[in-house]
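# Report on the structure
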Amino acid sequence: GPAWLPICSIDTIRLRCWERVMSISFYSVASKPDNESDREKAIARTGILAEPHQEKFHSILDCVRGALHARAAAITIVYQDSTYLVSALGFDAGIYKRSSSLCAHTILSPDSLTVVPDTAADERFAGNPYVDTIEGIRFYIAAPLLDENGAALGALCAFDQKARARDADLACIA
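A brief report on the enclosed structure follows.

Procedures and definitions
All residue numbers refer to position in the chain's written sequence, counted from 1. Thresholds applied to this predicted model are a pLDDT of at least 70 for local features of residues and 80 or more for the giving and counting of side-chain atom pairs; totals over whole chains, interfaces and linings are not thresholded and use all residues. Excluded from the side-chain calculations are hydrogens and water; all other atoms, namely the structure's heavy atoms, are used. Working definition: helices are DSSP H or I runs of at least four residues, strands are E runs of at least two. Numbering for both runs from the N terminus. The nonpolar core is taken to be a set of buried Ala, Val, Leu, Ile, Met, Phe, Trp, Tyr and Cys residues, with the residues joined through side-chain atoms within 4.5 Å. Partly exposed describes any residue whose relative accessible area lies between the buried limit of under 20% and the exposed limit of over 50%, with all areas from a 1.4 Å probe on protein chains only and scaled to the type maximum. Here, strands pair whenever DSSP counts at least two bridges between them. Any pair of residues with heavy atoms lying within 4.5 Å of one another is described as a contacting pair.

## Quick word on unusual backbone geometry
Despite not being glycine, His69 has its phi angle at roughly 50 degrees, a positive value. Within the element layout of this structure, His69 appears in the loop between helix H3 (58-68) and strand S1 (72-79).

## As for the nonpolar core
Counting 21 residues, the largest nonpolar core has Cys103, Tyr140, Cys157 and Phe159 as the members making the most contacts within it. Per element, the largest residue contribution to this core is four residues, and it comes from strand S6 (residues 152-160). One finds Val64, Ala70, Leu89 and Leu153 within the second-largest nonpolar core, a separate group that totals 20 residues.

## Quick word on the pairing of S6
Looking along a regular strand, one sees side chains alternate from face to face of the sheet. Most of S6 is tucked away, with eight of its nine residues classed as buried. The pairing of S1 with S6 spans six bridges and is classified as antiparallel. Looking across to S6, one finds that Ala74 is bridged to Cys157. Bridge count between strand S5 (residues 139-146) and S6: eight bridges; the pairing is antiparallel. Opposite Pro144, over in S6, you have Ala155 as the bridge partner.

## Focus: the environment of Lys97
With respect to the helices and strands, the residue Lys97 is situated in strand S3 (residues 94-97). When neighbours within four sequence positions are excluded, Lys97 is seen to be in contact with Asp81, Ser82 and Thr83.

From the geometry alone we can't say anything about function, so treat these as descriptive.
Shown next, in the form of structure tokens:
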């Protein structure tokens, strides 16, 4: 039969396989705030985690989603090693790992809005499993949810598959 002639070396094949299959990037896992113990006690006092997915917040989430032209909006509580989406539209409510939570970063800045026009370009989030997919989160915005003592318990957030240009697309929140 005809002789088989390789069209490239084994090193080239490995490189091409590596480029196509492997994508290595790292994201920052949010540290826990200094007041973590107090936050956890405050969350436990609210009893919010004992209640299932809460539809009573859907009108707020729908308003946020519409104003920001975002695919999804959620109310989250960051507690122990998890982030609880206690109410969500456009994304499944449920319990997610804190280590990959974007909202875990938001609670670290209780006095400010977190605005990330392109998560893939932000070192905190690039490589995050919720960002690093074809349908991943590219735009993220969140306001911390504070208790009466100013502790950030979670966030009201919105996110979308389409990155935003900081000036043009975000003028409505300035």
